[in-house]
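For reference, the chains in residue letters:
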Amino acid sequence: MKNFKIWSLMALVVAFVACEPVDDGGNNGGGGNISEEGLIGEWQLKTWNNEDSPVDIYLGLKNDGSFELYQRSYTVFYELYTGSFSVSNGVLSGVYSDGKAWGSTYNFALTSEDKILTLTSNSKPAVESVYERSEIPAVVREEAELTRAVESEPIL
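Summary of the structure given here. All residue numbers here refer to positions counted from 1 along the written sequence of the relevant chain. Whole-chain, interface and lining totals are the exception, using all residues; otherwise, since this is a predicted model, local features are given only for residues with pLDDT of at least 70 and side-chain atom pairs are given and counted only at 80 or more. In computing side-chain values, all of the structure's heavy atoms are included and hydrogens and water are not.

**Focus: the pairing of strand β6 (residues 91–95)**
Next, step 1: Pairing between strands requires that DSSP locate at least two bridges from one strand to the other. Comment: elements are numbered from the N terminus, with helices defined as DSSP H or I runs of at least four residues and strands as E runs of at least two. Across 5 bridges, strand β5 (residues 79–88) lies against β6 in antiparallel orientation. When the sheet's bridge partners are listed, Ser86 is paired in β6 with Ser93.
Next, step 2: The antiparallel pairing of β5 with β6 creates a hairpin that spans 2 residues between the two strands, and Asn89 there sits at a positive phi of about 55°.
Next, step 3: Examined bridge by bridge, β6 and strand β7 (residues 106–111) share 2 bridges and lie antiparallel to one another. If you follow Val91 over to β7, its bridge partner there is Asn107.

**Points about unusual backbone geometry**
Next, step 1: Note the cis peptide between Lys124 and Pro125, where omega equals -5°.
Next, step 2: In this structure, Pro125 sits in the loop between β8 (116–121) and β9 (128–133).
Next, step 3: Despite not being glycine, Asn50 has its phi angle at roughly 65°, a positive value.
Next, step 4: Note on placement: Asn50 falls in the loop between β1 (41–48) and β2 (51–52).

Dropping the structure here:
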């Protein structure tokens, strides 16, 4: 069961992973107006399906519809992935830089004065991940720049 949970978490990570933001001009994959202002900001993954996360993730959601994901899982350093996202009727979705959609869309809820973000995948089985508003530390950004110089692939 533990391996299933880890692989499911990795699927969630892959759903956010990308290389560069996509400008699709039509706002199908991000950019433009993001109506849920509380989403905008920097977040750290705290729990996954009510357990501590085995992967360290920081997620930055920007007002222009782009995102940056800093992930440290089986490596010493953080890796940076970027892309674009959009919001429609309380559902968060996005695309990779190559135009492929995320592995799932996500219902989301903001609580505690927009300090807690809960994402629930629309995949079966659903995965719930809870993020807490947290500034992405400079050391995380620096480590990601170091690994960016080396070609790396997402976990899955």
